[in-house]
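Descriptive analysis of the structure
Take a look at the letters that make up each chain.
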Amino acid sequence: MRVTIVHNAVADDDAPDERDVLVQAEAVQTALHTLGHEPGTLPCTLDLSEVKHRLTDLRPDLIFNIVESLDGKGRLIHVVPFLLDALNVPYTGACAEAMCLTSHKVLAKQRLAAAHLPTPPWIGPWPDDLPNLPPTGPDPAGMPDGKWIVKSVWEHASIGLDETTPLLCDHADRAATLLRERAPRLGGACFAERFIDGREFNLALLAAPGGPQVLPPAEILFEGYADQALKIVGYRAKWDSDSYEFHHTPRRFDFPLEDAALLARLRDLALQCWRLFGLNGYARVDFRIDAAGRPWILEINANPCLSPDAGFAAALDAAGISYAGAVGRILSDARQRSA
């Protein structure tokens, strides 16, 4: 089968989070070769006419979609899937609508709240969008004191979360005033989310013949962090290999028996997110656990990083699933949906 891997085009001087897609493309291409397919790659830019022309020439049987942005903008992540829909070309992973909905973190939180799934209260976004929607976030004036963190609406990979700068504020009204100030550094749109000070988990999901399989839960540990340090997986922890944070935020998959009920609850919530957002192929759901042991859903990632050293691959290892085997299951899921 001819499989074209589409990914966002990157330049030599792009940041590590942008260039990582090339690592993913190489790993997927190797897996496709192992599975006996004929893989190729297609870097995508804002020139959609050229993308369409190249696809017409390549005539792939299936697209393996790992586009994360266009022109460095995460808010354009859904553009290529919409183009593929218009061209009636089948592709892996989430559909264009699900990709758009999950990538807009506030819209995703609104959907979670409407389904009575636990997600931290929020303020915003700024600038306002979809103003005709009824507000489902908290009324800042009615919120008790607590810490708030300002996050990008569209950008992932912890863009804008620099652990070396103050990221939290103590009052909802102060958080609201920070949105306009911080938006330029956060992709132009941001919101404030109630900070959950506690444990951090992520759960990967992979398509299977009987429905999605939840891979072993992973907890991020903050080793050697001072009591007052901000315990988040920020940009340095993900991308700066020279930083303290990068080397002191390992993940673990082994847990004591007393965590069994919490892990079962996380698995159930991850499956509910898969169904609620109509996900396909593979995904990841990120959680924080508060001091009372209650889980809160932070984000749903419909196309998590597939680099061999990233969390999804680590979860595959913990589940005893080979990387090529997972790529094969993602392909099979896409073929079944397009049949």
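Let us look at the structure shown here. Please read these numbers as outputs of a predicted model, since none were measured by experiment.

Observations regarding the overall build of the chain
When helices and strands are tallied, the chain shows eleven helices and 13 strands. The C-alpha radius of gyration of the chain comes to 20 Å, within 12% of the 20 Å expected for a compact globule of 339 residues. Considering only C-alpha atoms, the chain reaches an extent of 60 × 45 × 40 Å along its principal axes. The contacts in the chain between residues at least 6 apart in sequence include a share of 70% that link residues at least 24 apart. Accessible surface for the chain amounts to roughly 15,400 Å². Of this, 52% is attributable to carbon and sulfur atoms. Positive and negative side-chain charges of the chain, numbering 32 and 45 respectively, have mean locations separated by a distance of 4 Å.

Examining empty space enclosed by the protein
Sizing a probe to match a water molecule and rolling it over the atoms shows the empty space that remains. A complete count under the given rule lists two cavities of 30 Å³ or more for this structure. Taken as a whole, the largest cavity holds about 40 Å³ of empty space. Considering the residues around the largest cavity, the lining is formed by Thr-102, Lys-105, Ala-108, Lys-109, Leu-298, Glu-299 and Ile-300. Going through the elements one at a time, α5 (105–114) and β13 (295–301) are the ones with two or more residues in the lining of the largest cavity. Looking at the lining of the largest cavity residue by residue, the classes come out as three nonpolar, one polar and three charged. Roughly 30 Å³ of internal volume is contained in the second largest cavity.

Examining the sheet that holds strand β5 (residues 148–152)
Reading across from one edge, β4-β7-β5-β6 is the order of the four strands in this open sheet, with antiparallel pairing throughout. Strands at the two margins of the open sheet, each flanked by one partner only, are β4 (122–126) and β6 (168–169). By the bridge criterion, two bridges tie β5 to β6 in an arrangement that is antiparallel. Paired with Ile-149 across the strands is Leu-168, a residue of β6. Sitting on the sheet, α5 touches β4, β5 and β7 (190–194), and the angle it makes with β4 is about 145°. Across the face of the sheet, helix α6 (residues 172–182) comes into contact with β4, β5, β6 and β7 while running at roughly 25° to β4.

Brief notes about the sheet that holds strand β2 (residues 38–44)
Two pairing modes exist for strands in a sheet, parallel and antiparallel, and in both the strands are linked by backbone hydrogen bonds. The three strands lie next to each other as β2-β1-β3, forming an open sheet whose pairing is parallel. Either end of the sheet is taken by a strand with one partner, and the two such strands are β2 and β3 (62–65). Direction aside, the axes of adjacent strands within the sheet are offset by 30° on average. Summarising the sheet, strand β1 (residues 2–8) and β2 pair through seven bridges and their orientation is parallel. Opposite Thr-4, over in β2, you have Gly-40 as the bridge partner.

What about the pairing of β5?
The element β5 is largely enclosed, with a buried count of five among its five residues. Residues of β5 alternate between two faces, with Trp-148, Val-150 and Ser-152 on one and Ile-149 and Lys-151 on the opposite face, all of them buried. With five bridges connecting them, β5 and β7 associate as antiparallel partners. Across the sheet, residue Ile-149 finds its bridge partner in β7, namely Glu-193.

Some points on the packing of aromatic side chains
Under the definition given, this model contains three aromatic pairs. A centroid spacing of 5.4 Å and a plane angle of 75° characterise the contact between Phe-222 and Tyr-225, whose relative ring orientation is edge-to-face. Grouping residues by exposure puts Phe-222 and Tyr-225 together as buried. The ring centre of Phe-277 lies 5.9 Å from the NZ or CZ of Arg-111, which sits over that ring.

What to know about the pattern of salt bridges
Scanning the model with the defined rule gives 15 salt bridges in all. The salt bridge partner of Lys-109 is Glu-193, with a shortest N-O separation of 2.8 Å. Of this pair, Lys-109 sits in helix α5 while Glu-193 sits in strand β7; the two residues are 84 residues apart in sequence, bridging distant segments of the chain. Looking at Lys-109, the relative accessible area reads 1%, which means it is buried. A residue is classified by how much of its surface remains accessible, and Glu-193, at 2% relative accessible area, is buried.

Some thoughts on the state of the cysteines
Under the criterion given, the structure shown has zero disulfides. The thiol of Cys-100 is unpaired, and the distance to the nearest cysteine sulfur, on Cys-95, comes to 10 Å.

Quick notes on the environment of Arg-265
Inspection of the secondary structure puts Arg-265 in helix α9 (residues 260–276). Here the alpha-carbon distance between Arg-265 and Pro-295, two residues 30 residues apart in the chain, equals 8.1 Å. Non-local contacts of Arg-265, meaning those with residues more than four positions away in its chain, are made with Pro-118, Gln-272 and Pro-295.

Conventions we followed
- Residues numbered from 1 in each chain as written.
- Predicted model: local features only at pLDDT ≥ 70, side-chain atom pairs only at ≥ 80, totals over all residues.
- Heavy atoms only, no water.
- Helix = DSSP H or I, 4+ residues; strand = E, 2+ residues; numbered from the N terminus.
- Rg over C-alpha atoms; globule rule 2.2 N^0.38 Å.
- Contact = heavy atoms within 4.5 Å.
- Areas by Shrake-Rupley, 256 points an atom, 1.4 Å probe, with all protein chains shown as cover.
- Lys, Arg positive; Asp, Glu negative; His and termini not counted.
- Charge placed at Lys NZ, Arg CZ, Asp CG, Glu CD.
- 1 Å grid on protein atoms, 1.4 Å probe; cavity = no way out; pocket = protein on both sides within 12 Å on 5 of 7 lines; lining within 4 Å.
- Points joined across faces, edges and corners; volume = space filled by probe spheres on them.
- Nonpolar A, V, L, I, M, F, W, Y, C, P; charged D, E, K, R; others polar.
- Pairing = 2+ DSSP bridges.
- Axes fitted to C-alpha atoms, helices over the stretch in contact; angles between N-to-C directions.
- Buried < 20%, exposed > 50% of the residue type's maximum accessible area, 1.4 Å probe, protein only.
- Phe/Tyr/Trp six-rings, centres within 6.5 Å; stacked < 30°, edge-to-face > 60°.
- Lys NZ or Arg CZ within 6 Å of the ring centre and 35° of its normal.
- Salt bridge = Lys/Arg side-chain N within 4 Å of Asp/Glu carboxyl O.
- Disulfide = S-S within 2.5 Å.

Keep in mind these numbers describe shape, not what the thing actually does.
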